[in-house]
Amino acid sequence: MKKTGAEIVWEMLNREGVKVVFGIPGGAIMHTYHPRQDYDIHHVLMRHEQCAAHAADGYARVSGKVGVAIATSGPGATNLVTGIATAALDSSPIVCITGQVQTYLIGTDAFQEVDITGITLPITKHNYLVTDINELAYTIHEAFHIARSGRPGPVLIDLPKDIQIASTEFEPPEGDISLPGYRPVAPASAAAVQRAAEFINTAKRPVVLAGQGVLMSGAMQELRSFAEKAQVPVALTLLGKGGFPESHPLALGMMGMHGEAFVNQAIQEADLILAFGMRFDDRVTGTLATYSPNARRVHVDADAAELNKIVKVDVPILGDLRQVLTQLLPLVAPATHPEWLAQIDAWRGDSHFRNILNRPENGRLVAAHFINDIWEATKGEAIVVSDVGQHQMWTAQFYRNDLPNSVVTSGGLGTMGFGLPAAIGAQFAQPDREVWVIAGDGGFQMTMHDLGTIIQEKLPIKIALSDNGYLGMVRQWQEFFYDKRYESTRLVNPDFVKLVEAYGIPAWRATNRAEARTAIAEARATDGPTFIDFQIADVGEDGNVYPMVPSGAALHEMIRRSQPDHTTD
Amino acid sequence: MQSTLIALVEDKPGVLNRVASLFRRRAFNIESLAVGHTEKPGISRMTIVVDSSRTDVEMVVQNLLKLVNVIRVEDVTEVPTVMRDLALVKVRSGDGATRAEIMQLVDTFRARVVDVGLKTLMVEVTGTDDKISGLVDVLRPYGIEEMVRTGRVAMARGGVGTDRELTA
Ligand SMILES: Cc1ncc(C[n+]2csc(CCOP(=O)(O)OP(=O)(O)O)c2C)c(N)n1
Ligand SMILES: [Mg+2]
């Protein structure tokens, strides 16, 4: 049957199982929007294309499926860029479809023409400019395959207006994709797995560094079986949260710049590190000169270009983590490491001591309080989407999480403004689960226009604002490393409650712990979206994220909260 | 130190741009890059010379392989390989005596004079980097008006081709 390019787009999205797309129409993509109502695919009208890309990304991270964003040419396409880069750095599978000027106008600086395939070349896994209607269906098919397979990532399809209008005999692509130069993951080398097993079986102080690869390969159960059999404690990267239950006795918690001191200490003292689906980002290693100096290293990753990139390893294993762990498990001897685990527990005790939640309260609200209270109220079962800044680190520290694909945050790019739109995508991925956004007053104001999308779509998203009147994380660096000169970090804010109420969203303000608890309970009892402005202590020790590895320092050289004189337990 | 890579790539618009963009983005130090068609339609071949004292060659290979349009990459540094550069050099020839002198040098290097002007000669030379640099060095005193070099192309000796098993 003959179909237009526009119809082929929806036909193919349908075939790829797409139920929802996020976007904003405009001149060069209107033809594609035109037939949308004939298809069973919901379009979410966002308020900014950056948010469309973040929403697609949030959808992808929570559902494990490909998220889709649509934008017009020119400014619509360039607005996607931050969202695409965010997805690229966190290996999130999204497909972006952009309108483009007619093929015969390309290169002429026509109205709203921009070379978006050129612009996004270094931030996409792959991209396409479609110039032949007969290649459109196959290109979309291929784009989804590339986005989701191997190490996932964003793919962009630029679609000139005349291709959307043209029609052709539509034949859905059948069978396998033939891409001679594309190699998703091959089976791992048995010899390498065998060597890893030998290292594991002789290690005295092993530790697993679990990253997002655990979630992407679906290796949660395999990781757990492995850790339990070999009695290896598991440290998580920020994006690895959810790959291993944090309530598990072998769970250490988060590593890195704002990881627990005892976790970093364990990594530094280990004699074997098992890096599973993580990539030794500078935020988790500290200076490489003194990183895990005594450890032998095993690194499993689906991307060959990550092996030996940052840290030289003794056993690099290229493969899908879940398959590798399945191969590894029978080769690993049951073990116990009582001394090592006891040593870690001793260090853990000290961290526990310094934990702000274990201090007597002085009436001032700190972020750890309300994040902990949300955690308690939701029994740790909510999907928590954080923005970027201090509150992001506190969320990682205090919203302890046992469930996969439930912690969403911009790790690699650290994109402020990510939280709210990503939560929109997350809620579409899991309409029946409770979704909380935890955002800072700085980042919230970067994308708060998408409150409009939340009310238009009637999404029951719960927003928690960590309102400290500062670009807090930058302020903290100024306090520690820039002579306490608070340059351009103080925020004069609007009345957030009134602002949000203007959207018809019920809003609360909390200035102490009791108000915080009440507001959380009332927000949860309210149907639909809610907003709480948590006005937290802005300055002083309680307003900083501890512990902290200063940039460029060794992983164990942490700035720590001082030891308290009294603790509540 | 240099390493020589051969990459077979799909002959599609933008592929050269993808490769060049990758080198820039990852801060890989590349000495030369030569691209051309192969005997198989739809497949182009790149010869890439990497400054291996400053760039991890394995990272170049693995990142090239991540590009969807790159079909195969081979490091031929350690295998017996024929490597060739081509250069055209326009050199000032002056009077008859100088001209004869230059032609003799050109002969010694097994190069060829491909154009004779009133005041210049154009010399074509193929060979390894060293050979070309050698000729250029001896021509320099006469005055080089213009020069162009292609960058290295390479092919492993004997055996089967780098593009074995490839169907276009
Ligand atoms: C788009 C963007 N711009 C700037 C930054 C740099 N930056 C990192 S954290 C931060 C402060 C965030 O402030 P806020 O949202 O109030 O969160 P807080 O740290 O106070 O919790 C800034 C400006 C960034 N990460 N992203
Ligand atoms: Mg703030």
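What counts, and where the lines are drawn
- Residues numbered from 1 in each chain as written.
- Chains lettered and ligands numbered in written order.
- Predicted model: local features only at pLDDT ≥ 70, side-chain atom pairs only at ≥ 80, totals over all residues.
- Heavy atoms only, no water.
- Buried < 20%, exposed > 50% of the residue type's maximum accessible area, 1.4 Å probe, protein only.
- Helix = DSSP H or I, 4+ residues; strand = E, 2+ residues; numbered from the N terminus.
- Pairing = 2+ DSSP bridges.
- Near = heavy atom within 4 Å.
- Polar contact = N/O pair within 3.5 Å; in protein donor to acceptor, adjacent residues only side chain to side chain.
- Areas by Shrake-Rupley, 256 points an atom, 1.4 Å probe, with all protein chains shown as cover.
- Domains from an automatic or database assignment.
- Contact = heavy atoms within 4.5 Å.
- Buried area = accessible area lost by both parts, 1.4 Å probe.
- Salt bridge = Lys/Arg side-chain N within 4 Å of Asp/Glu carboxyl O.
- Nonpolar A, V, L, I, M, F, W, Y, C, P; charged D, E, K, R; others polar.
- Donors = N, O, S within 2.8 Å, 3.2 Å for Na, K, Ca; no water.
- Axes fitted to C-alpha atoms, helices over the stretch in contact; angles between N-to-C directions.
- Disulfide = S-S within 2.5 Å.
- Parallel < 35°, antiparallel > 145°, perpendicular 65-115°, else oblique.
- Left-handed = near helix turned anticlockwise from the far one by under 90°.

1. As for the pairing of strand β12 (residues 272–276) of chain A
Residue and element names in this part refer to chain A.
In step 1: Within β12, five of the five residues are buried, which leaves it mostly tucked inside the rest of the structure.
In step 2: Of the two faces of β12, both are covered, the one formed by L272, L274 and F276 as well as the one formed by I273 and A275.
In step 3: Pairing analysis gives five bridges linking strand β9 (residues 206–210) to β12, with the strands arranged parallel. Bridge pairing links V207 to I273 in β12.
In step 4: Relative to strand β13 (residues 296–301), β12 runs parallel, the two being bridged by five bridges. Pairing of L274 across the sheet is with V298, part of β13.

2. Here's the deal with the site of ligand 1
All names here are of chain A.
In step 1: Surrounding ligand 1, one finds 17 residues, the nearest of these being Q390, H391, D441, G443 and G472.
In step 2: Note that an oxygen atom of ligand 1 is positioned 2.8 Å from one of the side-chain N or O atoms of H391.
In step 3: One of the backbone N or O atoms of G442 is found 2.8 Å from an oxygen atom in ligand 1.
In step 4: Within the complex, the protein chains bury 77% of what would otherwise be the 590 Å² of accessible surface of ligand 1.
In step 5: Elements that contribute at least two residues to the shell around ligand 1 include exactly α17 (390–398), α19 (441–447) and α21 (472–481).
In step 6: Among the elements that take part in the shell around ligand 1, α19 stands out by supplying four residues, more than any other.

3. Some points on the domain arrangement of chain B
Residue and element names in this part refer to chain B.
In step 1: Split into domains, chain B comes out as domain 1 (2–78) and domain 2 (82–153).
In step 2: Taking only C-alpha atoms into account, the centre of domain 1 sits 29 Å from that of domain 2.
In step 3: Between domain 1 and domain 2, the contact holds seven residues from the first and six residues from the second.
In step 4: Between domain 1 and domain 2, a total of about 480 Å² is buried, with carbon and sulfur atoms accounting for 52% of that surface.
In step 5: Remark: the boundary between domain 1 and domain 2 carries zero salt bridges.
In step 6: On inspection of domain 1 and its partner domain 2, the count reaches three residue pairs in polar contact (both at pLDDT 80 or more).
In step 7: Going through the elements one at a time, β1 (2–10), β2 (30–37) and β3 (43–51) are the ones with two or more residues in the side of domain 1 that touches domain 2.
In step 8: Classifying every residue of the side of domain 1 that touches domain 2 by side-chain character gives three nonpolar, four polar and no charged.

4. Here we look at the coordination of the magnesium ion (ligand 2)
Residues and elements named next belong to chain A.
In step 1: At 2.0 to 2.1 Å from the magnesium ion (ligand 2) lie its protein donor atoms, namely D441 (OD), N468 (OD1) and Y470 (O).
In step 2: Look at where the donors of the magnesium ion (ligand 2) fall in the sequence and you get D-x26-N-x1-Y. Of this pair, D441 sits in helix α19 while N468 sits in the loop between β18 (462–467) and α21, and the two are 27 residues apart along the sequence.
In step 3: On the basis of relative accessibility, which here comes to 7%, the residue N468 falls in the buried class.

5. Observations concerning the sheet that holds β13 of chain A
All names here are of chain A.
In step 1: Judged by pairing direction, the sheet is parallel, and its six strands sit side by side in the order β11-β10-β9-β12-β13-β14 without closing on themselves. Edge positions in the open sheet fall to β11 (251–254) and β14 (315–318), since each of these has one partner strand only. Within the sheet, the average angular offset between the axes of one strand and its neighbour, ignoring direction, is 15 degrees.
In step 2: Along the sheet face, helix α12 (residues 261–269) touches β9, β10 (234–236), β11 and β12 and points at about 110 degrees away from the line of β11.

6. Notes on the pattern of salt bridges
In step 1: If you walk through the whole model with that rule in mind, you get 35 salt bridges over all chains.
In step 2: For E145 of chain B, the salt bridge goes to R92 of chain B, with nearest N and O atoms at 2.6 Å. Of this pair, E145 of chain B sits in strand β8 (residues 144–149) while R92 of chain B sits in strand β5 (residues 81–92), placing them 53 residues apart in sequence.
In step 3: Among the residues examined, E145 of chain B registers a relative accessible area of 43% and is labelled partly exposed.
In step 4: Sharing partners across several salt bridges, the network here consists of R151, D303, E306 and K309 of chain A together with K66 of chain B.

7. Re the state of the cysteines
Residues and elements named next belong to chain A.
In step 1: Counted by the stated rule, this structure contains zero disulfides over all chains.
In step 2: C51 takes part in no disulfide bond, and the closest cysteine sulfur to it belongs to C96, at a distance of 13 Å.
In step 3: On the basis of relative accessibility, which here comes to 0%, the residue C51 falls in the buried class.

8. Regarding the sheet that holds β18 of chain A
In step 1: Here six strands make up an open sheet; going across it, the order is β16-β15-β17-β18-β20-β19 (chain A) and the pairing parallel. Only two strands of the sheet have a single neighbouring strand rather than two, namely β16 (407–408) and β19 (507–510) of chain A.

9. Some words on the interface of chain A and chain B
In step 1: Of the residues lining the interface, 19 residues belong to chain A; the matching set on chain B comes to 18 residues.
In step 2: Taken together, the two surfaces of chain A and chain B that pack against each other cover about 1,400 Å², and 55% of this comes from carbon and sulfur.
In step 3: One can count two salt bridges joining chain A with chain B.
In step 4: Of the charged contacts in the structure, one is a salt bridge between K312 of chain A and D56 of chain B, with a shortest N-O distance of 3.6 Å.

10. Focus: the packing of helix α3 (residues 49–63) of chain A against helix α18 (residues 419–429) of chain A
All names here are of chain A.
In step 1: The contact between α3 and α18 brings their axes to 6 Å, and the two run at 45 degrees. Relative to α18, α3 is oriented oblique. Here the hand of the crossing between α3 and α18 comes out right-handed. Between α3 and α18, the residues in contact are C51, H54, A55, G58, Y59, V62 and S63 and P421, A422, G425, A426, F428 and A429, respectively.
In step 2: In terms of residue class, the contact of α3 with α18 is made up of nine nonpolar, four polar and no charged.

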